[in-house]
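Chain residues, written in single-letter form:
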Amino acid sequence: MVLSYFDGNTCKTKTYTINKYFIHKINSNSFLITVPHGAWLVLNNEEYRLLRLGKIHNDPNLFFALEKTGVILTKENKDTLINDYRERYHYLTNGVSLHILHPTWRCNQKCLYCHSQAKPYNLKGYDMDKETAKATVDFIFQSPAKTIQIEFQGGEVLLNYPIVQYIIEYSKELAKTHKKEVGYSLVTNLTLMDDEKLDYFLSVEKLGIATSFDGPKYIHDKNRIYLNGKGTYDDVVHWIKVIKSDKKTGSRLNAMPTITKFSLPYHKEIIDEYLALGFNRTWSRYLVNIGNASRTWDKIGYTPQQFTNFWKSFLEYVLKLNKEGIQFSERMTTIYAKKIMDRKDPYFSELQAPCGAALGQMFYNHKGDVFPCDESKIYDIFKLGNVKKDTYSNIYKKPQTKQIIRTTTNLGSLCDACAFTPYCGTCMVETYAMQGGLISKLPVDRRCELNKAILKHLFNKLISSKEDRKIISSWTFEEIE
């Protein structure tokens, strides 16, 4: 198709092709148009009619808006779009950078929603030994990624502190040999922290500490308890205050609440608790229905609509604080906003298609077994191999690995016709846990319903309120941990 237009006194023409695009009707006179690499724009009824009928050449202003967005393809925007697609899907060719290690499966807590199905701390046979630790780190450094991020998860990782320390020191040596950058993330419930361990962790460059903190004591102590049933709030808050008291190291600590049924009436109180402890952001993380959560769902679970209502109230309160001059951000909103407003994907596995499983992250348990992601570790069906028997290259030659990647592309499913698919992603593990297969039945998929509701509301915010858009846009400059 051809557009003819005047540039000054000269008549010019442009040949164009309509790209694949998605549609969401906002209201009676507004349509959200998105394209696979994440660009978007809003059209009115007449503009949408011209696009639908292939008559956009009748409106030069519409033509140039669609060309800039990539809804139409021309010779002039070809190189820009190629670069946009390359930026959007950069994680497909970089090699795995996030490597999640399981120093121990044991834990001193029995949290109601634990997706790891952690074992009691006094059991034997669930710790990683030095031989396996060395083999795992050797395997990790076979990744072609220039930057390696090693994340320690449990169980409670501090129950095997010597191995954590060994992995850090050995990987620092390998990073020099392989000329790679290496960083670390320690995911801990903090209750086994002591001054000696903390001093060591804070001495390690590029090491962040992450913990779970569900808010006020009356919420936290319902969700996160010791094996004897006692709440963990007081011990967690003690170490949060210790770490936060040092301005140089306080920024190393991140925390997030997992939202259960107990949390739903208390969005304001959760945020106020985080502010009181010196945090300037948090994350309203919804429950994943796997592991312990699937067994306690009647007690702690909720519908997608109930969570969406909570998140909307959570976001409104955060925006209100910002308007009052208090800097505070909500991390889930930030991730979505980065996907909507930035060309480069923020590298959050759960909202990618293909997802980050086996592409952006890999998980290694205490025996050296390799899984495509953290959540998949409790299901043997997802096991890809073992660090003592397989090489990094061999893992990627296996049909199972290829099938996992293919499964999460969102191609060939209802996702491929959804306006929000450029900003969304499926979770094969939750799908397997709840539906018994890897391909989701989307009409009954709670994650799909949640993500779609959140994205609809966020787009409405960005489109209808300049003030809210400015605040949310400012959050996109923050780093995603």
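See the structure above.
Small disclaimer: the values here were computed from a predicted structure and weren't measured.

### Digging into the packing of helix α17 (residues 446-464) against helix α18 (residues 466-475)
Line of reasoning, step 1. Direction vectors running N to C along α17 and α18 enclose 115°, while the axes themselves pass 6 Å from each other. As the angle between them shows, α17 and α18 are arranged roughly perpendicular. Every residue of α18 that contacts α17 at L458, K461, L462 and S464 is listed here: K466, D468, R469 and I472.
Line of reasoning, step 2. Its residues placed into classes, the contact of α17 with α18 shows three nonpolar, one polar and four charged.

### Quick notes on the packing of aromatic side chains
The relative placement of two aromatic rings is captured by the distance of their centres and the angle of their planes.
Line of reasoning, step 1. Enumeration over the complete set of coordinates arrives at 28 aromatic pairs.
Line of reasoning, step 2. Measuring from centroid to centroid gives 5.9 Å for W105 and Y126, while their planes differ by 80°, and the two rings are edge-to-face. One end of the pair, W105, is in the loop between β7 (98-101) and β8 (106-107); the other, Y126, is in the loop between β9 (119-120) and α4 (130-140), with 21 residues separating them in the sequence.
Line of reasoning, step 3. Residue W105 is classed as buried on the basis of its relative accessible area, which comes to 17%.
Line of reasoning, step 4. On the basis of relative accessible area, Y126 is assigned to the partly exposed category, the value being 24%.
Line of reasoning, step 5. For the pair Y302 and F307, a centre-to-centre distance of 5.9 Å together with 25° between the ring planes defines the contact as stacked. Here Y302 matches F307 in class, with each residue buried.

### What about helix α12 (residues 304-323)?
Line of reasoning, step 1. Its 20 residues place the ends of α12 28 Å apart at the C-alpha level, agreeing with the 28 Å of an ideal helix rising 1.5 Å per residue.
Line of reasoning, step 2. Looking one or two residues beyond α12, the residue adopting positive phi is G325, at roughly 95°.

The rules we used
Residues numbered from 1 in each chain as written. Predicted model: local features only at pLDDT ≥ 70, side-chain atom pairs only at ≥ 80, totals over all residues. Heavy atoms only, no water. Axes fitted to C-alpha atoms, helices over the stretch in contact; angles between N-to-C directions. Helix = DSSP H or I, 4+ residues; strand = E, 2+ residues; numbered from the N terminus. Parallel < 35°, antiparallel > 145°, perpendicular 65-115°, else oblique. Contact = heavy atoms within 4.5 Å. Nonpolar A, V, L, I, M, F, W, Y, C, P; charged D, E, K, R; others polar. Phe/Tyr/Trp six-rings, centres within 6.5 Å; stacked < 30°, edge-to-face > 60°. Buried < 20%, exposed > 50% of the residue type's maximum accessible area, 1.4 Å probe, protein only. Expected span 1.5 Å × (residues − 1).

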